[in-house]
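Structure at a glance
Residue-level listing of the chains:
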Amino acid sequence: MAAPRAALGPAPRGPPGAPHVTGRESGTSASAVAMAARSRGREAEPAAIWGAAGAQRGAVGADWERRPPQHQVSVPQRPRSPLQPEQLQDPASFPFCRTWRMMRPYGKALCAAGSLAALLAFFWTDTFQPGSLSGARVLLTGASAGIGEQMAYHYAAFGAEIVLTARREAVLQKVMEKCLTLGAKKVFYIPADMSSPSEPDKVVHFAVQKLGGLDYVVLNHIGVSPFQMWSGDVEHTRWLMQVNFFSYVALATAALPALEKSGGSVVVVSSLTGKVPTPFTTSYSATKFALDGFFSSLRHELTMQNSNVSITLCILGLIDTDTALEKTRGKVHISPSPAPEAALAIIRGGAARLHEVFYPRWLWHVHGLWVLLPSPRVLQSFYNYSGP
Ligand SMILES: NC(=O)c1ccc[n+]([C@@H]2O[C@H](COP(=O)([O-])OP(=O)(O)OC[C@H]3O[C@@H](n4cnc5c(N)ncnc54)[C@H](OP(=O)(O)O)[C@@H]3O)[C@@H](O)[C@H]2O)c1
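Presented here is a report on the structure given in the accompanying data block. Because the structure is predicted, anything quoted here is derived from the model rather than measured. (Residues numbered from 1 in each chain as written. Predicted model: local features only at pLDDT ≥ 70, side-chain atom pairs only at ≥ 80, totals over all residues.)

With that out of the way, let us pick up the overall build of the protein chain. When its secondary structure is counted, the protein chain shows 15 helices and seven strands. Considering the protein chain as a whole, with its 388 residues, one finds that 30% of them fall into the buried category. A fraction of 68% describes how many contacts in the protein chain between residues 6 or more apart in sequence connect residues 24 or more apart. (Helix = DSSP H or I, 4+ residues; strand = E, 2+ residues; numbered from the N terminus. Buried ≥ 20, exposed ≤ 12 C-beta atoms within 10 Å, placed from the backbone. Contact = placed C-beta atoms within 7 Å.)

Listed below in structure tokens is the structure:
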């Protein structure tokens, strides 16, 4: 018969011959096992602690007499997979729920925010209204070829008034004529080389004068740049910065007063390489990162000043323009998306005054994944490099 604890007097030290271990050491052993059990995602149960502690020969403490005999001690083995019928009735036993319970608060917050963002992105529809572009006054750069040319045709079909610019006059003239047949209200063009620092002011002045103001400034042009390993050509990088970045800053700055008057928009065409660094694009990638830095900061400032000018940054993946296909042929394992669709996505995003547009849309997930789990090896596997 079990006697009350007080009647037993000092606790015996264990069976004869058992090594002497203090109660503190015994407690340490038990708590270590408890911690180990917890780290495996299970609450340490008293029987499990007893059993595991008892399994350690010599871990005998002041409570020796309370330990159940060895043959009664069993470490409960929880079935893991597949789930047992009784577990199916208890949602808390599903692996996801167990993982969720083990997660730290910031992990849970991150997970919840990610899921919410994914849902929003999935069900998101912009507020684009084609009618809003009828009569809109648009300055479009890089309009003689590729995505810019396709944007010119879309704006024309929506009934916009357009100023086109690029370097090649003869090509601009052809694009202008096609725009007129597609329904543009007015079309003008001005040849300009954006590697010259004086050209941006001249172009904006021309556009404001011809159209009587501006509703959209669409910055899209790029200088020619190779798709290859860094060759050490610093001078080319400096030149590319002028064409792809400084001219954008100068054009937007010159157009801001006109855009303030109309509550207009700056639309900046960028690339995934301006969010995620990729191989073979050192200088180009640098110019696109610079655009993100400058225009995202400017957006903050305009908002803080209660300005009604919006800034839309467009992040594009590989698009099937002649120049892009020629440069990347045999060097990437990525299928290109169609330029007319990319052009429409840019126009819609600008008209809806979105902060950022990702085209194709799945690029948004690629970018999110890169931010959470950057994996250079996976990224590099999309690029061919057979050595120098
Ligand atoms: N295509 C893609 O895979 C891809 C991917 C991501 C992002 N993007 C972005 O989309 C935009 C358009 O790309 P795209 O592939 O359509 O380019 P593109 O076909 O090479 O066209 C470039 C345009 O810029 C003009 N341009 C070139 N050098 C110029 C200069 N020095 N001054 C003024 N204009 C100049 C060209 O006309 P002229 O030769 O007549 O001057 C042409 O109209 C760029 O901002 C690019 O970064 C493209």
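Here the focus is the sheet that holds strand 5 (residues 265–271). Here we have seven strands laid out as an open sheet, ordered 3-2-1-4-5-6-7, and parallel in their pairing. Looking along the sheet, the strands with just one partner apiece sit at the ends: strand 3 (186–191) and strand 7 (356–359). Averaged over all neighbouring strand pairs, the angle between strand axes comes to 15°, with direction disregarded. Each of strand 2 (161–166) and strand 3 is contacted by helix 8 (residues 169–182), which is oriented at about 170° to strand 3, the strand it contacts most. Sheet strands in contact with helix 11 (residues 282–304) are strand 5 and strand 6 (310–316), and its direction is about 155° off that of strand 6. (Pairing = 2+ DSSP bridges. Axes fitted to C-alpha atoms, helices over the stretch in contact; angles between N-to-C directions.)

On to the environment of Tyr385. Mapped onto the fold, Tyr385 is located in the segment after helix 15 (376–380). Looking at Tyr385, the number of C-beta atoms within 10 Å reads 11, which means it is exposed. Here the alpha-carbon distance between Tyr385 and Gly330, two residues 55 residues apart in the chain, equals 9.8 Å.

This part covers unusual backbone geometry. With an omega dihedral of -10°, the bond running from Tyr359 to Pro360 counts as a cis peptide bond. Although it is not a glycine, Phe280 adopts a positive phi angle of roughly 70°. Looking at the secondary structure, you find Phe280 in the loop between strand 5 and helix 11. The class for Phe280 is buried, based on 20 C-beta atoms found within 10 Å. Non-glycine residue Asn306 carries a positive phi angle of around 55°.

Right, let's talk about the packing of helix 10 (residues 234–262) against helix 11 for a bit. Relative to each other, helix 10 and helix 11 sit at 25°, their axes nearing to 9 Å. In terms of orientation, helix 10 lies roughly parallel with respect to helix 11. For the pair helix 10 and helix 11, the crossing hand works out as right-handed. Along the contact surface, helix 10 presents His236, Thr237, Leu240, Met241, Asn244, Phe245, Tyr248 and Val249, while helix 11 presents Ser283, Tyr284, Ala286, Thr287, Ala290, Leu291 and Phe294. Split into classes, the residues belonging to the contact of helix 10 with helix 11 amount to 10 nonpolar, five polar and no charged. (Parallel < 35°, antiparallel > 145°, perpendicular 65-115°, else oblique. Left-handed = near helix turned anticlockwise from the far one by under 90°. Nonpolar A, V, L, I, M, F, W, Y, C, P; charged D, E, K, R; others polar.)

Counting 67 residues, the largest nonpolar core has Ala152, Tyr155, Ile162, Leu164, Val217 and Val268 as the members making the most contacts within it. No other element matches the seven residues that helix 13 (residues 339–351) contributes to this core. Once residues within four sequence positions are removed from consideration, Ile162 is found in contact with Val138, Leu140, Ala152, Tyr155, Ala156, Cys179, Ala184 and Val187. (Core = buried A, V, L, I, M, F, W, Y, C linked by C-beta atoms within 7 Å.)

Moving on to the pairing of strand 2. The buried count for strand 2 comes to six of six residues, which makes it a mostly enclosed element. Side chains Glu161, Val163 and Thr165 of strand 2 all project onto a buried face; the interleaved residues Ile162, Leu164 and Ala166 project onto the opposite face, where all are buried too. Note: strand 1 (residues 137–141) against strand 2, five bridges, orientation parallel. Bridged to Arg137 within strand 2 is Glu161.

Glancing now at the site of the ligand. Surrounding the ligand, one finds 27 residues, the nearest of these being Gly142, Gly146, Arg167, Arg168 and Ala324. The set of elements that each furnish at least two residues to the shell around the ligand consists of helix 7 (146–157), strand 5 and helix 12 (322–328). Of all the elements, helix 7 adds the most residues to the shell around the ligand, at three residues. Taken together, the residues that form the shell around the ligand break down as 13 nonpolar, 11 polar and three charged. (Near = placed C-beta within 6 Å.)

The alternating pattern of strand 4 (residues 216–219) places Tyr216 and Val218 on one face and Val217 and Leu219 on the opposite face, and all of these are buried. Where strand 1 lies against strand 4, three bridges are found, and the strand directions are parallel. The partner of Leu140 across the bridge, within strand 4, is Val218. Here four bridges tie strand 4 to strand 5, and the two strands are oriented parallel to one another.

Moving on, we come to the environment of Val171. Structurally, Val171 is set in helix 8. In sequence terms Val171 and Pro191 are 20 residues apart; their C-alpha atoms lie 9.9 Å from each other. Not counting the four nearest positions on each side in its chain, Val171 is found in contact with Ser144 and Ala145.

Let's shift gears to the packing of helix 7 against helix 8. Running from N to C, helix 7 and helix 8 point in directions that differ by 30°, and their axes come no closer than 8 Å. Relative to helix 8, helix 7 is oriented roughly parallel. Our pair here, helix 7 against helix 8, has a crossing hand that is right-handed. Between helix 7, through Glu149, Ala152, Tyr153, Ala156 and Ala157, and helix 8, the contact on the second element is made entirely by Val175, Lys178, Cys179 and Leu182. When the residues that make up the contact of helix 7 with helix 8 are grouped by side-chain class, the tally is seven nonpolar, no polar and two charged.

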